[in-house]
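A look at the structure
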Amino acid sequence: MNIVLIGFMGAGKTTVARLLAQRLNLKWVDTDDLVEDRAGLKTHEIFHTFGEVRYRELEIEVGKLLQGSMELVIATGGGVVLNKLILDYLTHKGGIIIYLDATFETLRLRVKSHSRPRPLFQDVSKAKELYRFRLPIYKKYADVTVTTEHKRPKQIVSTIISYISKTYL
Ligand code: S3P
């Protein structure tokens, strides 16, 4: 089965996916990277040139491509939960959905210190509204919620591994 990481921008999905895959000796992908490869453009360029709707279409296409995948650690873009179909694709052959949780303030500070431009985090009050709107959706789809608050990526990975071994092995 796949291990699918969901959560808001700045949750650490990419870093955790890479480390988790290393620890479990699995391959990993990031849906944002796959979208960018497919479009031949960076995320912010897709948003600016074609708009969010096009970005979401590309996310669906990428999800569909991953439908047949197994034993993959998948870092998702923060918005994949807007379309349940994508999560269904990603877990089609079986999967665990892990929600990486943090307070909005922590996410804001993390995003601020990153150089990657995030089109939906340009305006902090809009991002906060988005966070509030999405929080119950992340929780609804998660098999497990893992807090990332005051945690290093390595600690988060250990928590995930102990959850998986207790629950699935
Ligand atoms: C988005 C999150 C981004 C990226 C795009 C939209 C969102 O990914 O997919 O900018 O809607 O939350 P990260 O969560 O990896 O930053």
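Going by the structure above, here's the rest.
Numbering of residues starts from 1 in every chain and runs along the sequence as written. Side-chain atom pairs in this predicted model are given and counted only at pLDDT of 80 or more, local residue features only at pLDDT of at least 70, and totals for whole chains, interfaces and linings cover all residues. Only hydrogens and water are removed before side-chain values are computed, so all heavy atoms of the structure are retained for them.

1. With respect to the overall build of the protein chain
Put simply, the rule reads: Elements are defined by DSSP. Helices are runs of H or I of four residues or more, strands are runs of E of two residues or more, and each kind is numbered from the N terminus. As defined in this context, the radius of gyration uses C-alpha atoms, and a globule is described by 2.2 Å times the residue total to the power 0.38. The buried label applies to any residue whose accessible area, calculated with a 1.4 Å probe on protein chains only, is under 20% of its type's maximum; exposed applies above 50%, and partly exposed to all values in between. Any two residues whose heavy atoms approach within 4.5 Å at even a single point are treated as in contact. In this description, accessible areas are obtained by the Shrake-Rupley approach with a 1.4 Å probe, and a residue is regarded as covered only by the protein chains that are shown. Positive charge is attributed to Lys and Arg, negative charge to Asp and Glu, and no charge count is given to His or to the chain ends. To locate a charge, the coordinates of NZ of Lys, CZ of Arg, CG of Asp or CD of Glu are taken.
When helices and strands are counted, the protein chain shows eight helices and five strands. A globule of 169 residues ought to have a C-alpha radius of gyration of about 15 Å, and the protein chain, at 15 Å, matches this closely. Expressed as a percentage of the 169 residues in the protein chain, the buried residues total 48%. Considering only contacts in the protein chain between residues 6 or more positions apart, those separated by 24 or more positions represent 74%. Counting only carbon and sulfur atoms, one obtains 54% of the accessible surface of the protein chain, whose full area is about 8900 Å². When the 26 basic and 18 acidic side-chain charges of the protein chain are each reduced to a single mean position, those positions are 6 Å apart.

2. Quick word on unusual backbone geometry
Even without being a glycine, Glu-71 presents a positive backbone phi close to 55°. Checked against the element boundaries, Glu-71 lands in the loop between α4 (52-65) and β3 (72-75). The phi angle at His-150 is positive, at roughly 55°, despite the residue not being glycine. Within the secondary structure, His-150 sits in the loop between β5 (144-147) and α8 (153-168).

3. With respect to the site of the ligand
Using the following cut-off: Consider each residue's heavy atoms; a residue with any of them within 4 Å of a molecule or strand counts as near. Polar contact criterion, stated in full: a pair of N or O atoms within 3.5 Å, where within protein one must be able to donate a hydrogen and the other to accept it, and residues adjacent in sequence count only if both atoms are side-chain atoms.
Not every one of the 16 residues close to the ligand is listed here, only the nearest: Lys-13, Asp-32, Arg-56, Arg-118 and Arg-134. The contact in question runs from an oxygen atom of the ligand to an N or O atom on the backbone of Gly-78, over 2.9 Å. A distance of 3.4 Å separates an oxygen atom of the ligand from a polar atom in the backbone of Gly-79. Burial of the ligand by the surrounding chains reaches 99%, relative to a free accessible area of 380 Å².

4. Side note on the side chain of Glu-59
Within the element layout of this structure, Glu-59 appears in helix α4. A polar side-chain atom of Glu-59 sits 2.9 Å from a polar atom in the side chain of Arg-56. Residues in contact with Glu-59, not counting those within four places in the same chain, are Val-35, Gly-77, Gly-79, Val-80 and Ile-86.

5. A closer look at the environment of Met-9
Inspection of the secondary structure puts Met-9 in the loop between β1 (2-6) and α1 (13-24). Met-9 sits in the buried class, given a relative accessible area of 11%. Note: C-alpha distance between Met-9 and His-114 (105 residues apart in sequence) is 11 Å. Setting aside residues no more than four positions away along its own chain, Met-9 makes contact with Leu-107, Val-111, Arg-118, Leu-120, Phe-121 and Leu-130.

6. Brief notes about the packing of aromatic side chains
Stated precisely, the cut-off is as follows: Side-chain rings of Phe, Tyr and Trp (the six-membered ring for Trp) are treated as a pair once their centres are within 6.5 Å; stacked means planes under 30 degrees apart, edge-to-face means over 60, and tilted covers the remaining angles.
Under the criterion given, the structure shown has seven aromatic pairs. Among the aromatic residues, ring-to-ring pairing joins Phe-8, Phe-104, Phe-121 and Tyr-131 into one connected group.

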